[in-house]
Amino acid sequence: MEVAVIKYNAGNVQSVLYAMERLGANATLTDDWETIQKADKVIFPGQGEASTAMKYLKERNLDQLIKSLEQPFFGICLGLQLLCEFSEEYDTQCLGIFPIQVKKFPPLDKVPHIGWNNLQNLHSPLLAGLDESAYVYYVHSYYAAVDPEFTIATSHYITDFSALLQRDNYYAMQAHPEKSSLAGEKILTNFLNL
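Conventions used here
Residues numbered from 1 in each chain as written. Predicted model: local features only at pLDDT ≥ 70, side-chain atom pairs only at ≥ 80, totals over all residues. Heavy atoms only, no water. UniProt positions renumbered as here; feature names shortened; annotations may be inferred. Helix = DSSP H or I, 4+ residues; strand = E, 2+ residues; numbered from the N terminus. Buried < 20%, exposed > 50% of the residue type's maximum accessible area, 1.4 Å probe, protein only. Contact = heavy atoms within 4.5 Å.

If you look the chain up in an unreviewed UniProt entry, it shows as Imidazole glycerol phosphate synthase subunit HisH from Cyclobacterium plantarum. Listed in UniProt under the heading Pathway (unreviewed entry), the comment for the chain reads: "Amino-acid biosynthesis; L-histidine biosynthesis; L-histidine from 5-phospho-alpha-D-ribose 1-diphosphate: step 5/9."

Draft legend 1. Layout of unusual backbone geometry. Each neighbour pair has its own omega, and for valine 111 with proline 112 the value is 15 degrees, a cis peptide bond. Among the secondary structure elements, proline 112 is positioned in the loop between strand E7 (98–104) and strand E8 (113–118).

Draft legend 2. Focus on the environment of valine 13. The topology assignment puts valine 13 in helix H1 (residues 13–22). For valine 13, a relative accessible area of 15% gives the class buried. Sequence separation between valine 13 and proline 45 is 32 residues; the distance between their C-alpha atoms is 6.4 Å. If we skip the residues at most four places from it in the chain, valine 13 touches Val5, Leu29 and Pro45.

Next comes the structure, spelled out in structure tokens:
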């Protein structure tokens, strides 16, 4: 199985490549259109800041490519946020796959949200074999609002937020599955088996 990991200078790429290797997938870090289009699966990881990431994607027309892909596609952390319509982080227009706003956590508690949190309201083949005792690892200051149509799992930190999203072939997770022990490994395995 060929997995393209989209290169756009946004953090946690090496840990995703290692996770793919552990699961037996042949993963390539790339921003090459042809390689991405031919891949069986595409992963869109990221840590960083939304406006800089979107600028990189637009300069290489990767924003248009991402919107046209038909194979299973998985956004991780910043990747989830960029798949949404708009981020409050520097008022950034994002890719619009999910018609959802990304908001900054209110400063009522410690921000960013760092650490383990459980998944709730799970419903998707991507989450097969998991239940609400599954904990995943988060590092984020911004969150995607819960949407009744596209949210496939929630978590709670100050407020409920979309832990995972799905629309057609596009899946996205706010936490880091590659750093989330057995639950994260199960989610990545389920993605590879879609």
